[in-house]
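Coordinate inspection notes
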Amino acid sequence: MDIDLRELVRLGESTQWIRIRAANARNPLLLLVQQGPGLPMLSEVRTFERLLSLEDDFTVIYWDQRGCGRSLRSADATRDLTFETMVSDTERLLAMLCDRFDRPAVVAGFSMGAMIAARAAARRPDLVATLVAVSMDIDGAAAGKNAYEFALAAAQARQNHRAVRQLKGIGPAPHLTPEGFMTRARWAANFGGVRIGQTYNSMARGLLASLLRSPDYSLADAVRAIRGITATTAALVPELETLDLTDTLPHLNCPVVMVQGRHDQIAPASAAERYAELLTAPGKQFVWFEHSAHMPQLDEPGRFRELLAKVRSGLPADA
């Protein structure tokens, strides 16, 4: 790496951590905004380098947001934990990075992170070269209904009585508590709606292993990161369940590439297609990943890297 730095940044009243990595520090900026609620990003460095090698083409910024991962070291880590503060954090970090490197950034956001990134791009399009919105959270009510109905139908078809019992126990969406939200997510994941070939438990084991193996976390950091997921979920799920970008964010003034997994049951395709039709932006592309669920960047890493390389070169992402 030409550059590989872990840095503490002050974003408003909050202290958070980033890691900047590049084979060539003159490469275009790429800010990664993680999915959530509460999932860390610095722990993904090893996996992203192995599967995607983004550092060959970009100066990549991995970021543990407010309430996540290493950023939980701060006493104020979960203070004012709302979408509004997370959007403001993103805006501040982008301004800091663009001033430091003297160029706007490609911003790749995943799921909830894509929604956060889109709202920040709406405020400061001058800081964003292109927004790559992967499996973006768009319509919270539609997403909750879809995930619950998918999981319950799959459980009944497979005669999984434990899943049926737990899902009927929480009832239909909205699920405004961490317990209800995670129960829905667990069974949607177990039936293939989150990542192809993975279950909720296998992904949880992978997260724990990534935290323990990463040089960016101590054992105490790893414990805080796992515990913090529940606290962050409790703070953000009520907002997430009532989200509707079709009403609140119909226009962006930067190029947008929307990436959607065909088998995604968390951010449903119907909401993504509807939003793509109404969204106005200077350059808008919608790209299907036919063999992916909610994590195209991991289900089809080679194709995702190719997409980002095309974005870097100014070529059509779906060509």
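As the structure is a prediction and not an experimental result, all values here were calculated from the model.

1. Section: helix α10 (residues 269–278)
Here α10 has its buried residues at Ala269, Ala271, Ala272, Tyr275 and Ala276. The buried residues of α10 occupy an angular sector of 160° when projected down its axis, which confines them to one face. On its buried face, α10 sits against α9 (245–248), β7 (256–261) and β8 (284–289).

2. What about unusual backbone geometry?
For the bond running from glycine 36 to proline 37, omega is 5°, close enough to zero to count as cis. Position of proline 37 among the secondary structure elements: in the loop between β3 (29–33) and α1 (45–51). The peptide bond linking alanine 173 to proline 174 adopts the cis configuration, its omega dihedral lying at 10°. Within the secondary structure, proline 174 sits in the loop between α5 (161–170) and α6 (178–190). The backbone of serine 53 shows a phi angle near 50°, a positive value even though the residue is not glycine. With respect to the element layout, serine 53 can be found in the loop between α1 and β4 (59–64). Residue glutamine 159 is not a glycine yet carries a positive backbone phi of 55°. Within the secondary structure, glutamine 159 is located in the loop between α4 (140–157) and α5.

3. So, the nonpolar core
Counting 51 residues, the largest nonpolar core has Leu131 and Met136 as the members making the most contacts within it. In this structure methionine 136 touches Ser111, Ala114, Met115, Ala118, Leu245, Met258, Ala267 and Tyr275, once residues within four positions along its chain are discounted. The next biggest cluster of nonpolar side chains, apart from the first, holds 41 residues, and it includes Leu52, Met182, Val259 and Leu307.

4. Quick word on the pairing of strand β2 (residues 14–22)
The element β2 is largely enclosed, with a buried count of nine among its nine residues. Side chains Ser14, Gln16, Ile18, Ile20 and Ala22 of β2 all project onto a buried face; the interleaved residues Thr15, Trp17, Arg19 and Arg21 project onto the opposite face, where all are buried too. Pairing geometry for strand β1 (residues 3–11) and β2, over nine bridges, is antiparallel. Across the sheet, the residue bridging to glutamate 7 is isoleucine 18, located in β2.

Here is what the cut-offs are and how they apply
Residues numbered from 1 in each chain as written. Predicted model: local features only at pLDDT ≥ 70, side-chain atom pairs only at ≥ 80, totals over all residues. Heavy atoms only, no water. Buried < 20%, exposed > 50% of the residue type's maximum accessible area, 1.4 Å probe, protein only. Helix = DSSP H or I, 4+ residues; strand = E, 2+ residues; numbered from the N terminus. Arc of directions from axis to C-beta. Contact = heavy atoms within 4.5 Å. Core = buried A, V, L, I, M, F, W, Y, C linked by side-chain atoms within 4.5 Å. Pairing = 2+ DSSP bridges.

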